[in-house]
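Spelled out from the first residue to the last, the chains are:
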Amino acid sequence: MRIRAGIGCSKSLNDAFVAGSEAANAAIRDLAGETPALIIVFTTPRYDLSALIKGIRSITGSTPLIGATGAGQMVQGEHLGFGGGVSVLALTAGPYRFGLASVADIKGKLDQAGQLIARESKAEAGPSSHAAILLLVDSLAGDLQQIVQGVYRITGPKVAITGGAAGDELKFERTFVFHNDQVIEGGAVALWIASERPLQVVTRHGWEPIGIPMLVTRAEGTEIIELGGHPAAIAYEEQLGFASGQLSADDFWDTSILHPFGLLQSDGKTVIRVARSKTAQGALRIQGCVPPTGSAVQVMSSTTDALLDVANVVASEALANHEEAGVLLTFSCAARAVILGPRTFEEAQRIQKVAGETPTFGLYCCGEFARTAGVLGTHNATLTALAL
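A quick note: this is a predicted structure, and the numbers were derived from the prediction, not measured.

## Quick word on the overall build of the chain
Broken down by element type, the chain carries nine helices and 27 strands. Relative to its length of 388 residues, the chain is compact, with a C-alpha radius of gyration of 20 Å against a globular reference of 21 Å. Along the longest, intermediate and shortest principal axes, the C-alpha atoms of the chain span 65 × 45 × 40 Å. Of the roughly 14,600 Å² of accessible surface on the chain, a fraction of 49% belongs to carbon and sulfur atoms.

## Observations concerning the sheet that holds strand β4 (residues 73–75)
Strand order in this open sheet of six strands is β5-β4-β24-β23-β27-β13, and the pairing throughout is mixed. Edge positions in the open sheet fall to β5 (78–80) and β13 (201–204), since each of these has one partner strand only. Across the sheet, the axes of successive neighbouring strands diverge by a mean angle of 15°, strand direction being ignored.

## Examining the pairing of strand β15 (residues 214–220)
Looking down a regular strand, the side chains alternate between one sheet face and the other. For β15 and strand β22 (residues 296–301), the ladder comprises two bridges, and the chain directions are antiparallel. Among the inter-strand pairings, M214 is bridged to a residue of β22, identified as V297. In this sheet, strand β16 (residues 223–227) lies alongside β15 in antiparallel orientation, the contact comprising four bridges. Residue pairing across strands places E220 opposite E223, the latter belonging to β16. Joining the antiparallel neighbours β15 and β16 is a turn of two residues, in which G221 adopts a positive phi near 60°.

## Focus: the nonpolar core
Across soluble globular proteins, nonpolar side chains show a tendency to be buried alongside one another. Core analysis: the largest hydrophobic core is formed by 35 residues, its most contacted members being I40, I66, L89, L136, L329 and L388. Not counting chain neighbours up to four residues away, the residues in contact with I66 comprise L38, I39, I40, V41, L100, L134, L136, F178, V189, A190 and L191.

## So, the pattern of salt bridges
Two side chains of opposite charge can pair, provided their charged atoms sit close to one another. Counted by the stated rule, this structure contains 15 salt bridges. Its salt-bridge partner being E317, residue R204 comes within 2.6 Å of it at the nearest N-O pair. Residue R204 is located in strand β13, and its partner E317 is located in helix α7 (residues 304–319); the two are separated by 113 residues in the primary sequence. Accessibility expressed as a relative area gives 33% for R204, which makes it partly exposed. Salt-bridge contacts for E346 lead to R343; the nearest nitrogen and oxygen are separated by 2.7 Å. Exposure remark for R343: the relative accessible area of 28% places this residue in the partly exposed category.

## Re the environment of R273
Turning to its location among the elements, R273 is positioned in strand β19 (residues 270–273). Residue R273 is classed as buried on the basis of its relative accessible area of 1%. C-alpha separation for the pair R273 and M300, spaced 27 residues apart in sequence, amounts to 9.7 Å. Those residues in contact with R273, other than ones at most four positions away along the chain, are P260, F261, L263, I286, C289, V290, P291, L376, T378, H379 and N380. At 2.7 Å, the side chain of R273 forms a polar contact with the backbone oxygen of C289.

## Here's the deal with the packing of aromatic side chains
Following the criterion strictly, the structure yields four aromatic pairs and no others. Between F42 and F361, the aromatic rings sit 5.0 Å apart at their centres with planes inclined by 20°, giving stacked as the arrangement. Taken together, the residues span a long stretch of sequence, with F42 in strand β2 (residues 38–43) and F361 in strand β24 (residues 360–365) at a distance of 319 residues. F361 gets classed as buried once you look at its relative accessible area, which sits at 0%. Taken together through their ring pairs, the aromatic side chains of F42, F331 and F361 make up a single cluster. The residue whose ring lies beneath R276 is F172, and the NZ or CZ to ring-centre distance is 4.1 Å.

## Looking at unusual backbone geometry
At L170, a residue that is not glycine, the phi angle is positive and equals roughly 65°. Residue classification places L170 among the partly exposed residues on the basis of a relative accessible area of 23%.

## Some words on the packing of helix α1 (residues 16–30) against helix α2 (residues 49–60)
Relative to each other, α1 and α2 sit at 35°, their axes nearing to 7 Å. In the packing of α1 onto α2, the handedness of the crossing is right-handed. From α1, A16, F17, A19, G20, S21, A24, N25 and I28 reach across to α2, where they touch A51, L52, K54, G55, I56, S58, I59 and T60. Residues of the contact of α1 with α2, tallied by class, amount to nine nonpolar, six polar and one charged.

## Concerning helix α5 (residues 232–239)
Three or more residues of α5 are buried, namely A232, A233, A235, Y236 and E237. G241 occupies a position one or two residues after α5 and carries a positive phi of about 85°.

## Re the sheet that holds β2
Reading across the sheet, the six strands line up as β1-β6-β2-β3-β10-β11 and stay open at both edges, with mixed pairing between neighbours. Each edge of the open sheet is held by one strand with a lone partner, namely β1 (5–10) and β11 (182–185). When strand polarity is set aside, the average angle formed by the axes of neighbouring strands in this sheet is 15°. In this structure, strand β10 (residues 176–179) lies alongside β11, joined through four bridges in antiparallel fashion. Considered in β11, the bridge of V177 is made with I184. Contacts from α1 reach β1, β2 and β6 (86–91), with the element oriented near 155° to β1. Its contacts with the sheet place α2 against β2, β3 (65–69), β6, β10 and β11, and it is angled at close to 150° to β2.

## Points about the packing of α7 against helix α9 (residues 345–355)
With their axes 8 Å apart at the nearest point, α7 and α9 run at an angle of 30° to one another. Here α7 lies roughly parallel to α9, going by the angle between them. The interaxial crossing formed by α7 with α9 has right-handed handedness. Residues L308, D309, A311, N312, A315, S316 and L319 of α7 form the contact with α9, whose own contacting residues are E346, E347, R350, I351, V354 and A355. Across the contact of α7 with α9, the residue classes break down as seven nonpolar, two polar and four charged.

Cut-offs used in this document
Residues numbered from 1 in each chain as written. Predicted model: local features only at pLDDT ≥ 70, side-chain atom pairs only at ≥ 80, totals over all residues. Heavy atoms only, no water. Helix = DSSP H or I, 4+ residues; strand = E, 2+ residues; numbered from the N terminus. Rg over C-alpha atoms; globule rule 2.2 N^0.38 Å. Areas by Shrake-Rupley, 256 points an atom, 1.4 Å probe, with all protein chains shown as cover. Pairing = 2+ DSSP bridges. Axes fitted to C-alpha atoms, helices over the stretch in contact; angles between N-to-C directions. Core = buried A, V, L, I, M, F, W, Y, C linked by side-chain atoms within 4.5 Å. Buried < 20%, exposed > 50% of the residue type's maximum accessible area, 1.4 Å probe, protein only. Contact = heavy atoms within 4.5 Å. Salt bridge = Lys/Arg side-chain N within 4 Å of Asp/Glu carboxyl O. Polar contact = N/O pair within 3.5 Å; in protein donor to acceptor, adjacent residues only side chain to side chain. Phe/Tyr/Trp six-rings, centres within 6.5 Å; stacked < 30°, edge-to-face > 60°. Lys NZ or Arg CZ within 6 Å of the ring centre and 35° of its normal. Left-handed = near helix turned anticlockwise from the far one by under 90°. Nonpolar A, V, L, I, M, F, W, Y, C, P; charged D, E, K, R; others polar. Parallel < 35°, antiparallel > 145°, perpendicular 65-115°, else oblique.

Spatial relationships are all this shows, so hold off on functional conclusions.
Here you go:
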């Protein structure tokens, strides 16, 4: 049986309860009488979130719910940017079984949190031949690779991981995830998807190296402190042809967002890491997932067209060999939206054009999750997708 998707949006910011109920009502109506098995909510953090969830639950009842705040949404080919409102996805079970779990106060215990929500969501979904796990996590909690590592301890190598880090429209102050009636700050929520067929997560970024490889010689927390034995900020600026200290702390983001690091992998591919800011001591603060000491990185660059081209590839590969897909879930990066600027709407349009009549539903995150091989599964400035 094919999964069926219903989608509803409300762009009103005046009354959170009403906005939530309007979006949920439209999503349920789309199911044409079929019973929902799962509700996914992506929204701006500008609402009274407790009232918003109450409004949604007034329509969906006790149907399991998962969601997060972000930095925009892309729904059915439309881009809802900062303050764009709330989007609700209602899914029937189709051939899948779902399990949900959440945990609060994850900072400082990310590995344990990952193990907990993976174990509990798996138990709720029950055994299956194949599975994937969707994670929504506070983007301010630290090195998010640690929570992926914790999840991996439970899933092993055969379970794909996807999802994204909750955002607050690039304020980097407070982010929230949702689990049923709960609005959780500083936490994480997991959706286990039990399946009888393999589930494929696809990820691409569109960046190319322009600098020489540099060794991370010291990293702590979410900061790269030294590159090649030199202060990281100085080494980074030299790669871009700047004089030492030329990039001030105030104007650093305008440059670093266009030139992230590529973390080199054994297969020759790169995983993207964005330096969000630099410290007075010359360290570089990486958003959500620092390259570990001993790893090699290169400074990267791209063009608007190259970044947009990724949308076509990701959507087509995610839907390949999945003729009966009922929905395409996507997770893009807030950094990509900033770079794409007035052309951001094209990303949602391209994804929907490739998907055709298959509904699409996505969130702009502050860090993306896509583990397809090995343990590494955290990304920046990247687009990832999962078809169900």
